[in-house]
Amino acid sequence: QDAELALLASLAKARASDLCEARMNEAVQLHGGIGVTDEFDLGLMVKRARVRQQGLGDGVFHRDRYARLSEAAGNVILCALVFGVSEDDLCTVKLD
């Protein structure tokens, strides 16, 4: 059960990291150059988000961790959060 919890944690972290990065980039585009200055709160939030991604692992790190943990457990859970497919395509595949 601990292995499954680690898998699910990496899935959630990968999705959260990707979502945060996308929203921050959209916000900077929306607000233009002022979005990356210290005069506007968005600039501070972008810097903090990027530091946290480096410290806690970004989406790439957590997808990679998920793959390693899945391989060690002997199965791969194809998840909509990792591979960007609809939830209807969620399934489990056992490796031989």
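Residues numbered from 1 in each chain as written. Predicted model: local features only at pLDDT ≥ 70, side-chain atom pairs only at ≥ 80, totals over all residues. Heavy atoms only, no water.

## Notes on the overall build of the chain
This is how the line gets drawn: Strands here are runs of E lasting at least two residues and helices are runs of H or I lasting at least four, both read from the DSSP assignment and numbered beginning at the N terminus. Type-normalised accessible area, obtained with a 1.4 Å probe on protein chains alone, sets the label of each residue: buried when under 20%, exposed when over 50%, and partly exposed for intermediate values. Note on areas: Shrake-Rupley with a 1.4 Å probe; residue coverage comes only from the protein chains shown.
A count of helices and strands for the chain gives four helices and two strands. Counted from the first residue to the last, the chain has its helices and strands arranged as α-α-α-β-α-β. Sorting the 96 residues of the chain into buried and exposed places 24% on the buried side. For the chain, the accessible surface area stands at approximately 6,900 Å², while carbon and sulfur atoms represent 56% of it.

## Comments concerning empty space enclosed by the protein
For clarity, the cut-off: Throughout, the protein atoms alone are placed on a 1 Å grid, and a set of points is a cavity if a 1.4 Å probe fits but cannot get out or a pocket if it is open with protein on both sides within 12 Å along at least five of seven lines; lining residues have an atom within 4 Å of a point. Grid points are joined across faces, edges and corners, and a volume is the space filled by probe spheres set on the points. Each residue is assigned to one class: nonpolar for Ala, Val, Leu, Ile, Met, Phe, Trp, Tyr, Cys and Pro, charged for Asp, Glu, Lys and Arg, and polar for all the others, Gly among them.
For the coordinates displayed, the defined rule picks out one cavity of 30 Å³ or more. As a volume, the largest cavity reaches approximately 50 Å³. Lining of the largest cavity is provided by Cys-20, Glu-21, Met-24, Asn-25, Val-46, Ala-49, Arg-50 and Gln-53. Elements represented by at least two residues in the lining of the largest cavity include exactly helix H1 (2–31) and helix H2 (41–56). Residues belonging to the lining of the largest cavity are distributed by class as follows: four nonpolar, two polar and two charged.

## Quick word on the environment of Cys-20
Assignment of secondary structure puts Cys-20 in helix H1. Under the relative-accessibility criterion, Cys-20 is labelled partly exposed at 30%.

## Notes on the nonpolar core
Applicable threshold: Nonpolar cores were defined as sets of buried Ala, Val, Leu, Ile, Met, Phe, Trp, Tyr and Cys residues, with membership established by side-chain atoms within 4.5 Å.
If you look at the biggest cluster of nonpolar residues, it comprises six residues: Met-24, Ala-27, Val-28, Leu-42, Val-46 and Ala-49. Contributions of two or more residues to this core are made by H1 and H2.

## Considerations on the confidence of the model for the chain
The criterion, for reference: For every residue, the predictor states its confidence as a pLDDT score lying anywhere from 0 to 100. Throughout, a residue-residue contact means that at least one pair of heavy atoms, one from each residue, lies within 4.5 Å.
Taken over all residues, the pLDDT of the chain has a mean of 77, while the share at 70 or more is 75%. Across residues 87–96, where pLDDT falls below 50, the model places 15 contacts with residues more than four positions away in sequence or in other chains.

## Observations regarding the pattern of salt bridges
So the rule is basically this: In the sections that follow, a salt bridge refers to a side-chain nitrogen of Lys or Arg positioned within 4 Å of a carboxyl oxygen of Asp or Glu.
Under the defined criterion, the tally for this structure stands at two salt bridges. Between Arg-63 and Asp-18 there is a salt bridge, with its nearest N and O atoms 2.5 Å apart. Here Arg-63 is found in helix H3 (residues 59–73), whereas its partner Asp-18 is found in helix H1, with 45 residues between them in sequence. Taking the relative accessible area as the measure of exposure, Arg-63 reaches 26% and is therefore partly exposed. Taking the relative accessible area as the measure of exposure, Asp-18 reaches 26% and is therefore partly exposed. Glu-26 is the partner of Arg-23 in a salt bridge, and the nearest nitrogen-oxygen pair spans 3.1 Å.

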